[in-house]
Amino acid sequence: VNTVVAALYREYGMDGLQPDAWGFFKVCTPIVVVGAPLGSLLGSFLHRLVLAAFVYVTDFAQFVGALYVVRPWTDEKCNEATDCNSTHICLSSAGIMVAGLLCFYVLQYAGEKLISKNDEIEKAAGWSPDIPRELSIEKIKISEEKWSEVATNESFAAQEARS
C-alpha cells in the first residue's frame, strides 16, 4: 500500500516516475502477489527457528550481494558531483552494521530481562515450570439451547495440593 501511494504521489504530485520505475513495478507485482501468500502459507507449517534460519541466510546473501554491487572499497562510484570517497563509504557502512548489531543486542537483552522478571512473578504466585499448565475445558448445559464452557486447571491444582 505504501509503495502504491508513494508511486502515485511521485507520478501525479511531483515530476513523475522514471520509466524504469514503472518497469520494476510491473515486474515485481506478480512476484509479490504470488510470493506473499505462499510465504505466509509456508510460514504457518514451519517452525519458528526454521523461518529464522531462512531469514538469516537470505539476509547474509543480500549483504554479500550488496557488497558485490556497491563495492564500497573502490572509488568507481565517486566523482566530483558526488563528493565522496571510499573510506567514508566503508566507515559509514561499518557504522550502520555495528549500530544494527548493538540495537538487536539491546532488544535481546531487554527481552531476556522481561522473561526473567516474568518467571519471578510466576514463581512468587505459586507457578512452577515443573507443573504442567494444561487447561481442561468442560461444557455445562445451561438450558436446551445454551451451553457454557468452563476452563479449569485441575492438574495444576491437584499437584499444588500434594506439595
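Everything here concerns the structure above.
On a predicted model such as this, the values are computed, not experimentally measured, just so you know. (Residues numbered from 1 in each chain as written. Predicted model: local features only at pLDDT ≥ 70, side-chain atom pairs only at ≥ 80, totals over all residues. Heavy atoms only, no water.)

K.L.:
When you look at helix α3 (residues 48-70) in this model, what are you seeing that I'm missing?
P.N.:
In an α-helix, one full turn covers 3.6 residues, which means residues spaced three or four apart are oriented alike. For α3, built from 23 residues, the straight-helix expectation of 33 Å at 1.5 Å per residue is met to within 8% by its first-to-last C-alpha distance of 32 Å. Where α3 ends, the next residue or the one after it, R71, has phi of about 50 degrees, a positive value. (Helix = DSSP H or I, 4+ residues; strand = E, 2+ residues; numbered from the N terminus. Expected span 1.5 Å × (residues − 1).)

K.L.:
Honestly, the packing of aromatic side chains in this entry has me stumped. Any pointers?
P.N.:
The geometry of two aromatic rings is summed up by the distance between their centres and the angle between their planes. If you walk through the whole model with that rule in mind, you get one aromatic pair. With centroids separated by 6.1 Å and ring planes inclined at 90 degrees, the aromatic side chains of W22 and F25 adopt a geometry described as edge-to-face. Within this pair, W22 and its partner F25 are both found in helix α2 (residues 19-45), separated by three residues, close to a single helical turn. Here the basic side chain of R71 rests over the ring of Y68, its NZ or CZ set 4.7 Å away from the ring centre. (Phe/Tyr/Trp six-rings, centres within 6.5 Å; stacked < 30°, edge-to-face > 60°. Lys NZ or Arg CZ within 6 Å of the ring centre and 35° of its normal.)

K.L.:
Looking at this model, I keep getting lost on the environment of R71. Mind explaining?
P.N.:
Among the structural elements, R71 can be located in the loop between α3 and α4 (86-124). Spatially, the C-alpha atoms of R71 and I89 are 9.4 Å apart, while their sequence positions differ by 18 residues. With residues up to four places along the chain from it excluded, the contact list for R71 reads A66 and E76. At 2.9 Å, the side chain of R71 forms a polar contact with the backbone oxygen of Y68. (Contact = heavy atoms within 4.5 Å. Polar contact = N/O pair within 3.5 Å; in protein donor to acceptor, adjacent residues only side chain to side chain.)

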